[in-house]
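One-letter residues, chain by chain:
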Amino acid sequence: MGTFTARFATEEERKNWDSLVTANPNGGNLLQSAAFAEVKSHHGWKPLFLAFESAEYTTYNLVLEKKVPLLGSLWYLIKGPDVAAPEDVPAVLEACSAFIRESGLSVFAVKVEPDIVDSEDVRTLFRRAGLVKAFNLQPNDHTAILDTTPEPNQLLRNLHSRGRNAVRRAEREGVTVERMEPTDENFRTMYGLMAHIEDRSAARLRSFEYYQRFWSNFVAAGQGRLYFVYEDGEPSVGAFVINYGRKGTYKDGGSRPGRSQYGDSHLVQWRAINDLKSEHNIVEYDFCGTPPSDQLKDKNHQHHGLGLFKTSFTKTVTDFVGCYDLVLSPMKYRAWQKLGERVMRQVYWRRTHQPFY
């Protein structure tokens with residue numbers, strides 16, 4: 001474990017933010033991107049851009065700041081810190097704490113969620129560093145990740161048999177996938193397909209304006225694309241996927257119920273994976289959210305169906321450590337835990353009908 005220092009990124013570093021983040025030890029995450037930072041700036045968060053430096057490497061991480069009345073600021077180090085080894089997390093957070101203190105910033109807690117695989121050793125490491133386990137926020141804290149490095153024929157053979165057979169059948173039966181222009185009309189169609197998913201799940205959609213800005217930002221950055229499958233002349237399946245560095249992500253999806261084309265949802269994913277592989281040389285593809293690995297067979301889990309679909313491509317689920325809190329002001333943090341967070345989430349929902357985080 002090395003020693004780190006923390007600072008705000010320079011103006012030049014902010015201009016080149018995505019190239020720096022994707023050069024982090026773990027390759028960065030789309031939720032640390034400049035495109036996503038701009039989205040969150042319209043939804044109650046202030047983006048801050050931090051660099052943590054050691055003798056071995058520098059890691060660039062997005063921080064989302066929320067002002068909390070009477071308590072100060074909450075920092076959300078979303079999908080970070082991105083470090084070379086779990087043992088570096090405490091050192092990075094020690095640097096973060098010192099930077100906040102020396103800069104006179106009124107931050108009472110820092111929420112972190114590094115993409116580190118969960119294990120008893122990591123949980124023990126974090127507890128000893130004084131981190132407090134919090135509820136997880138992102139859908140892909142448990143997720144299916146496909147290794148996309150094999151050549152296409154071998155990659156197809158590597159899929160779970162359910163996924164491979166669905167792709168082959170859809171191709172035989174003439175299902176076609178189209179990459180769509182990022183128009184307002186197509187975005188509204190995509191949002192409508194997503195609303196069908198909401199009808200039969202526990203998910204809550206954000207507003208169309210949120211998704212429109214999100215999709216537009218990533219498309220403008222050359223990092224996002226939209227696909228549709230058509231049935232009877234109408235879009236029946238949609239997927240918005242992202243390339244960020246050498247990682248691909250199935251970010252948003254939707255489908256019309258009662259479809260007759262078998263394997264259409266699988267073929268959309270197969271097309272997206274191969275496009276991102278050939279055009280951006282991605283090395284992995286994140287299906288973005290499943291039940292935890294020990295609950296995959298639980299039919300009562302709200303994401304059971306999604307888990308079945310996504311693990312038809314890759315057989316295993318990756319469980320990340322999820323969210324932890326670094327407490328900087330114990331008294332204010334207790335007030336936040338006991339009442340503040342619940343009240344702010346309720347007030348924000350009543351005012352905007354949008355999730356707080």
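The structure this text deals with has already been given above.
Residues numbered from 1 in each chain as written. Predicted model: local features only at pLDDT ≥ 70, side-chain atom pairs only at ≥ 80, totals over all residues. Heavy atoms only, no water.

1. Notes on the sheet that holds strand β1 (residues 5–8)
Picture the strands of a sheet paired through backbone hydrogen bonds; they go either parallel or antiparallel. Taken in spatial order, the 7 strands line up as β1-β2-β3-β4-β5-β15-β6 in an open sheet, and their pairing is mixed. Lying at the two open borders of the sheet, with one neighbouring strand each, are β1 and β6 (132–133). With 4 bridges joining them, β1 and strand β2 (residues 46–53) adopt antiparallel strand pairing. From the neighbouring strand, R7 faces β2, where its bridge partner is A51. Relative to the sheet, helix α4 (residues 88–102) contacts β1, β2, β4 (72–77), β5 (107–112) and β15 (324–327), its axis offset from that of β1 by approximately 55°. (Pairing = 2+ DSSP bridges. Helix = DSSP H or I, 4+ residues; strand = E, 2+ residues; numbered from the N terminus. Contact = heavy atoms within 4.5 Å. Axes fitted to C-alpha atoms, helices over the stretch in contact; angles between N-to-C directions.)

2. Overview of the side chain of S97
Residue position: S97 is located in helix α4. S97 gets classed as buried once you look at its relative accessible area, which sits at 18%. Residue contacts for S97: discarding those within four places in its chain leaves L326 and L328. (Buried < 20%, exposed > 50% of the residue type's maximum accessible area, 1.4 Å probe, protein only.)

3. Describing the packing of helix α7 (residues 161–172) against helix α10 (residues 264–280)
Where α7 contacts α10, the two axes come as close as 8 Å, and the packing angle between them is 95°. In terms of orientation, α7 and α10 fall into the roughly perpendicular class. Across from G163, A166, V167, A170 and E171 in α7, the residues of α10 making contact are D264, H266, L267 and W270. Classifying every residue of the contact of α7 with α10 gives 5 nonpolar, 2 polar and 2 charged. (Parallel < 35°, antiparallel > 145°, perpendicular 65-115°, else oblique. Nonpolar A, V, L, I, M, F, W, Y, C, P; charged D, E, K, R; others polar.)

4. Section: unusual backbone geometry
Cis geometry marks the peptide bond from G80 to P81, where omega comes out at 5°. For P81, the position within the fold is in the loop between β4 and α4. Although it is not a glycine, L70 sits at a positive phi angle of roughly 75°. Within the fold, L70 resides in the loop between β3 (58–68) and β4. The backbone of N281 sits at a positive phi, close to 55°, despite the residue not being glycine. Classification of N281 by relative accessible area gives partly exposed; the value is 44%.

5. Thoughts on the pattern of salt bridges
For the structure on display, the rule yields 19 salt bridges. Close ionic contact of R127 with E120 constitutes a salt bridge, the shortest N to O distance being 3.2 Å. For E120, a relative accessible area of 41% puts it in the partly exposed group. Among the ionic contacts, a cluster of salt bridges with common partners joins D118, E120, R123 and R127. (Salt bridge = Lys/Arg side-chain N within 4 Å of Asp/Glu carboxyl O.)

6. Details of the sheet that holds strand β11 (residues 234–244)
Strand order across the open sheet formed by 6 strands is β8-β13-β12-β11-β10-β9, with mixed pairing between neighbours. The open sheet terminates on both sides in strands that have one partner only, identified here as β8 (145–147) and β9 (177–180). Averaged over all pairs of adjacent strands, the angle between strand axes in this sheet comes to 25°, irrespective of strand direction. Here 4 bridges tie β9 to strand β10 (residues 224–231), and the two strands are oriented antiparallel to one another. Its bridge partner lying in β10, R179 is registered against Y227. Taken strand by strand, α10 contacts β8, β9, β10, β11, β12 (247–255) and β13 (284–286), and its axis lies near 30° from that of β11.

7. Structural notes on helix α12 (residues 330–352)
At W336, α12 shows its largest kink, close to 55°. Regarding α12, the residues found buried are Y333, W336, G340, E341, M344 and Y348. Tucked into the core, α12 has its buried residues touching β3, β4, β5, β6 and β15. Once α12 finishes, H353 follows within two positions and takes phi at roughly 60°, a positive value. (Bend = angle between axes of the 7 residues up to and from the residue.)

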